[in-house]
Structure formats: structure tokens, C-alpha cells
Number of protein chains: 2
Amino acid sequence: MADPTVTDPDKYRVVFENEAVRVLEYRDDPGARTSSHDHPASVMITLSGFDRRISVGEQTRDVTLAAGEVRWLDAQSHWGENIGSTPSHAVFVELKGSAVISRNATLGPLEAS
Amino acid sequence: MADPTVTDPDKYRVVFENEAVRVLEYRDDPGARTSSHDHPASVMITLSGFDRRISVGEQTRDVTLAAGEVRWLDAQSHWGENIGSTPSHAVFVELKGSAVISRNATLGPLEAS
């Protein structure tokens, strides 16, 4: 596991943790790019709007999110880049029971259903 | 279980659900009060700042939260009242594996650690 709080400690910080969940706060500025890291199955809640490119290997996906959106994130490895003109601010609720990295997970947050 | 989307459908709505979590969005206006309802163990993320009174039986607790705060909520029954001058807006990530209502749970969101 490449823990994002280890690979990118300037962007990810732990705001809460117990036996069931770990909650991360993410912040970056336009142009910032993370190292490759792993997420367990998580719920992402956006606290700002932002434009983001998410990549793993040759695969890339661009997402545009508004503030206050809720997205499920399958367990996955990726790196991210702020491709917009505004800072990113989001919370990730990591589920400890679902920590296996799935190799056929959807890259990045799922679309709203 | 008194599901808050049933007791207070004008305030709570489901924004995402799968086998691991159900995510609720909560909104109300100053002076609004919910019916008594049950929460499984949940993570609450505030999207606005608000002042709230949370009650069960004779027990009452007032909390003041800013936007962008993250709080663990033990599984519990309670009702809530917006005692401030601003609308409330929050997201609850309900954990499906932890749905038992604990009778000695901390009322309302835990303090930041």
C-alpha cells in the first residue's frame, strides 16, 4: 500500500481515524500533481469545485466536480493532477473493511447515478 | 429503526448507496426541528456552519460547527433542532456494518480529537 499521507503528506492529512474508517482531508493548488498512491474503497465529498486528471499507467480520466458533491471511489491505485484554475479541497472517508485494491476498479470517482 | 429519510424526508435525502454505505444529504433552515430518528455509526461532514441542539429523552447537547468539519457519530437515536441563524447543510456517510443503536453512545457528533 502506497499510503497517500506518506506519498503526498503536503496534500493529504488524517482528520479522523477509528476501527471502521480513516478520514483524509485533501488540498492542493492548480498545477499540483500527486505521486502514485493507493485508496481503499472510499466516499469522497468535495468541499470546493475543481478540475482533475486521474491517471494509472496509460489510462487517464478527467473529472470536473462542484463543491458539495458525493462520489464513491472503488479501491484503486492512481495519481492525480489539478488541471483547473482553482484549489482542490475534498474529504475522503476510507472504509477499513474494503482495503483490497481492485485491478479493474473504475478509475477515479464514479459518475453520479 | 426510525429512518431519517422516512421521518424527515424534507430534510434528509439519499445521495448514494451501495453494499457498504448509504450517504445522506441533510438541509434545514433556522428553527427547523426533526422527528426522533436513528443513525447507524456515521461520519458527518459539514458543508455549512451551523448551531444545533441534539436531544434524546431528557438529554440535550448543543453543538456549533463550521463548514468543512468532519465528525464521527456513534450509532444513536436523537432529534435535532437548528438553533442558529443560518441553514444547515451536511453529509452523513452511514456505515452499513455498524447499524446497531448503542444506548450509551455519545449524543451528537464527537468532539474533534
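Quick look at the structure, then.

**Description of the environment of proline 30 of chain A**
All names here are of chain A. In this fold, proline 30 is placed in the loop between strand S2 (21-28) and strand S3 (37-39). The partly exposed category is assigned to proline 30, whose relative accessible area is 39%. It is 23 Å that separates the C-alpha atoms of proline 30 and valine 43, two residues lying 13 residues apart in sequence. Beyond its immediate chain neighbours, meaning those up to four positions away, proline 30 contacts Asn82, Gly84, Ser85, Thr86 and Pro87.

**Thoughts on the sheet that holds S3 of chain A**
Residue and element names in this part refer to chain A. Pairing within the open sheet is antiparallel, and its four strands lie in the order S3-S8-S5-S6. Of all strands in the sheet, those with a lone pairing partner are S3 and strand S6 (59-65), marking the two edges. Across the sheet, the mean angle separating the axes of adjacent strands is 40 degrees when strand polarity is ignored. When strand S5 (residues 50-56) meets strand S8 (residues 76-82), the two strands line up antiparallel, connected through four bridges. Within S8, the position partnered with arginine 53 by the bridge is glutamate 81.

**Things to note about the pattern of salt bridges**
Residues and elements named next belong to chain A. Counted by the stated rule, this structure contains 20 salt bridges over all chains. Arginine 22 is paired through a salt bridge with aspartate 3; the nearest N and O atoms lie 2.9 Å apart. Taken together, the positions of arginine 22 in strand S2 and aspartate 3 in the segment before helix H1 (4-7) put the pair 19 residues apart, joining distant regions of the chain. Note on arginine 22: relative accessible area 10%, which makes it buried. Notably, a salt bridge pairs lysine 96 with glutamate 17, separated by 2.9 Å at the nearest N-O pair.

Definitions and cut-offs
- Per chain, residues are indexed from 1 in the order of the written sequence.
- Note on labels: chains are lettered from A, ligands numbered from 1, in written order.
- Local features in a predicted model are, by the rule used here, given only for residues with pLDDT of at least 70; side-chain atom pairs are given and counted only at 80 or more, and totals for whole chains, interfaces and linings are based on all residues.
- Side-chain numbers here rest on the full set of heavy atoms in the structure, without hydrogens or water.
- Each helix is a run of H or I in the DSSP string that is no shorter than four residues. Each strand is a run of E no shorter than two, and both are numbered from the N terminus.
- Buried, partly exposed and exposed residues are distinguished by accessible area as a fraction of the type maximum, computed with a 1.4 Å probe on protein chains only: under 20%, between the cut-offs, and over 50%, respectively.
- By the convention used here, residues are in contact when the closest approach between their heavy atoms is within 4.5 Å.
- Strand pairing requires that DSSP identify at least two bridges connecting the strands.
- Note on method: axes are straight lines fitted to C-alpha atoms, helices fitted across the in-contact stretch only, with angles between N-to-C directions ranging 0 to 180 degrees.
- By definition, a salt bridge exists where a carboxyl oxygen of Asp or Glu is found within 4 Å of a side-chain nitrogen of Lys or Arg.

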